[in-house]
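Survey of secondary and tertiary structure
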Amino acid sequence: VESSCCLAVRRSKEEKKLLRKQIKASHTLLKHEGIHTTPHLVVANGGLGNSVSREELSAALKEMGEVESLLMPPHKPYAFVTYSALKAYTHLNGQKLQCGESSVMLYLAYVNSASVPLPEGLVLLEDFVSPEEEALLLAAVDWSSTNEDVTAQKALKHRRVKHYGFEFRYDNNNVDKDKPLPAGIPAECLPVLERCLRNGQINVMPDQLTVNQYESGQGIPPHVDTHSAFEDTILSLSLGAKTVMEFRHPDGRVVAVVLPGRSLLVMKSESRYLWTHGITPRKFDMVPACEQQSPDHVTPEPGTRSNLTLSKRGTRTSFTFRKIRPEPCRCAPSTLSPSTPSPPALPCCHADAARLEEEYVHRVYDAIASHFSSTRHSPWPRVCHFLSSLPPGSVLADVGCGNGKYLGVNPEMIAVGCDRSSALVQICAERGFHAFVSDALNVPLRTASCDACISIAVIHHFSTEERRLAAMRELVRLLKPGGHALIYVWAFEQEYNKQRSKYLKDHNKEHNGKENLTKNTSEDRREPHGKSAIQNSGHLEEGYEPVGKVTDGKLSVHTNRTAFNTQDLLVPWHLKEGKKPGEEDPVRSHLTAVFHRYYHVFHQGELEQLCSQVDGVKVQSSYHDQGNWCVILEKD
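An account of the accompanying structure is given in this report. Owing to the predicted nature of the structure, the values given are computational and were not obtained by experimental measurement. (Residues numbered from 1 in each chain as written. Predicted model: local features only at pLDDT ≥ 70, side-chain atom pairs only at ≥ 80, totals over all residues. Heavy atoms only, no water.)

**Here's the deal with the sheet that holds strand E16 (residues 254-259)**
Overall, antiparallel pairing links the four strands, which are arranged E13-E18-E15-E16 in an open sheet. Unpaired on one side and paired on the other, strand E13 (220-223) and E16 mark the two borders of the sheet. Across this sheet, the average inter-strand angle for adjacent strands is 20°, counted without regard to direction. Of the strand pairs in this sheet, E13 and strand E18 (residues 276-279) are connected by two bridges, and their pairing is antiparallel. Each residue of the ladder has a partner; that of His223, found in E18, is His277. (Pairing = 2+ DSSP bridges. Helix = DSSP H or I, 4+ residues; strand = E, 2+ residues; numbered from the N terminus. Axes fitted to C-alpha atoms, helices over the stretch in contact; angles between N-to-C directions.)

Okay, here's the thing in C-alpha cells:
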C-alpha cells in the first residue's frame, strides 16, 4: 500500500510537470508562429533545432499509427504531426526519445494548424507552363549576345540580367519611359501572357520584361519593386531549378515560399507594396519533401506538408513581367511636376506607418551598410561614460546597434546588440561582436534579463507616437528592476543655450568649400546623430523638391546642415564612391545616388513626456548633447 501511494504521488508530480511543459510549448508556438493550440499535434522538444532528426521522430510517431504529415520547421525545437492523434498523445507525451547518444523528452499538445499563410495578394500557381513551353522560353533568351543596346544585358554581382521593352536601371531603381528598348517582349512569351489575361491574373498586357539568371549560390537582396515605375500586378515565372523566396513583413514576420520550376508567382496589393521579397544566396534550401510514394514534382497542399529536406540549387531563370506606369502613382498625389516623384504622406494608421518605415528606414540599410558603417566609427563620449560606469559582469542590450561601435566600449560587461539590417549585423559579427537581426518593437530577449539597455538614434525613426512609445516600453521590458536605459533621439533644437550643434556648424565648412571630399568618413560631418535610412524606391535627390513645411500631409525634404522647421521629414543621405584607382584629385569623388530616410525630430521636453507614459520607470536624468535629446531611465 505504501509503495502504491508513493507511486501515485510521483505520477501526479510528473503529470503536473507535463502540463507545465505543454503550456510552455503553447506559449512558444503562439509567439513564434501565431498558432493557437487545438486540433493537430505539436511535438515540443522534438525539432531540428534541438538535434532531433526526421527519421528518429518519424519512427517514434509511426508506432502510434499512420502518419499523414510531419512538418519540422528549420532551426525550431518543435515539429507538427497530423494523424489519429489520441494514441500518440496518450503514449508519447512525457516519454524520452533516443537521438544518437543523447535523449530528449517529448511534450505533445493539440494545435489548430501548422500552416503559415501567404502574404495578402500573393498567389503561387504551380506547373503554369509545360516543359515544352519552358524549353521555348529559355531558348528565346540569347545570353551570348553582346549588343547591350538591344536588351540592356548586364552582368551583376550575384546574377546576370536582360531587359526587354524598357531597361530597369539599378543606379536609380527606375525606368526611362521615353527610351524604349529596340527589343520588345519576345514573341515566345505572348501565349503565356495571353493565358494570364484570360485567367484574370492580369487585366492589361505587360510591356516590360526582366530576365534574371541565378547560378547555384546566387540570390537577390530583399527589396520592393519600385511602385512609382510599375503598375500594381507583377508576374514572376520560374524556369529551371526550384528556389526559396523569402517575404518579410515590417513587423518581422517571414514567410518562405518555395518556387518550383515552371511555376508562376503573382504579386499584388500588400505582398507587392508592404512585404519585401528576396532570395538568400546559398547552395541548398530547406524545402518541403514528399513521401516516397509520391512523385518528386508534387508539392503537398499548404498545411499538410509532410516533411522538410535539403534541396540543392541549380540554375534558375526568372521572367518578371511588369506594366510601366504611365502616370505618377496615385498612392501619394504629387504637388510637384508630373515627372517629379512626390514625397510620401504622413502615416494615418499602423499599416501606413509600417510601410513608411519599411521604405524610408529599413530596406536599404543592407544596400548602404558598408558606407554607413564607415561613417560610424567614433563612439560618443557621454554614451561611453554611461557604458563605462556599468559594473563588471553587467548584461547590456544595444537595441539598434548598427555596426556595433558601442558593443566593445566596456570589455568587462556582457554586451549583445540587435539591428533590423542583416548587413550591419554581419559587420558586427566580422568585428567579433555578438549581434542578431531583430525589430526594436519585438526583441527576442527574456523580460528583465538586462542590467542596462541603450537606444542610440533609433526611436526617432518610428513614424507615430504610438510606435515610439512601444519601442520605449520594449526597452524597459528588457531591464531588470533597478536597471538603466540610455536613449538618444535627434533634437529639433539644433541650437541650445546659445550653442550651435556641430551639425549646424559644419554647414559653413561645406558652404565655403573647405570640406575635404575624400574624407567621407566623419560621422559628425556626414550625418545627423542617427542611422541612414533605407533606399526609397530609388528616388534621387533631384527627384524631390526640398520644402519647408508639411504640405497637404506630405513629408518635407530637409536641406542638410540647416535648422529644422518641421518635426517629420526626410533627410538626404549622399552615397559617394571613393577614389578610383590612380585618382589623386579628391574633388573627383563621384556622386552615385541620394537616399532619403525618415526622421521625427524631438522638441524639448517631448522625450521626457514620452517616458512619463511608460509604467514602472522614472527619468533619472535628461540632457542635450550635440543636437540630441537624451534621457537615462531607471526601472522600479
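Now, onward.
**Looking at the nonpolar core**
The nonpolar side chains of a soluble globular protein tend to be buried, and buried together. By size, the foremost hydrophobic cluster in this structure holds 30 residues, and its most contacted members are Cys453, Ile459, Met472, Ile487, Leu607 and Leu633. Breaking this core down by element, the ones donating at least two residues are strand E22 (395-399), strand E25 (450-456), helix H12 (465-478), strand E26 (479-490), helix H15 (606-611) and strand E33 (628-635). Setting aside its immediate chain neighbours within four residues, Cys453 contacts Phe386, Leu396, Ala397, Leu475, Leu478, Leu479, His484, Ala485 and Leu486. In terms of nonpolar packing, the next biggest core, distinct from the first, is built from 22 residues, Val129, Cys189, Cys196 and Val266 among them. (Core = buried A, V, L, I, M, F, W, Y, C linked by side-chain atoms within 4.5 Å. Buried < 20%, exposed > 50% of the residue type's maximum accessible area, 1.4 Å probe, protein only. Contact = heavy atoms within 4.5 Å.)

**Brief notes about the environment of Val443**
Within the element layout of this structure, Val443 appears in the loop between strand E24 (435-437) and E25. For the pair Val443 and Ala397, spaced 46 residues apart in the sequence, the C-alpha separation amounts to 9.8 Å. In this view, Val443 contacts Val399, Cys418, Phe436, Ser438, Glu474, Arg477 and Leu478; residues no more than four positions away in its chain are not counted.

**Section: the sheet that holds E25**
Strand order in the open sheet formed by seven strands is E24-E23-E22-E25-E26-E33-E32, with mixed pairing between adjacent strands. Looking at strand neighbours, the two that pair on one side only are E24 and strand E32 (617-624), the edges of this open sheet. The average undirected angle you get between the axes of adjacent strands in this sheet is 15°. Examined bridge by bridge, E25 and E26 share six bridges and lie parallel to one another. What sits directly across from Ile454, in E26, is Leu486. Contacting E22, E25, E26, E32 and E33, helix H10 (residues 381-388) crosses the sheet at an angle of about 175° to E26. Each of E22, E25, E26, E32 and E33 touches H12; the most contacted strand, E26, lies at about 150° to it.

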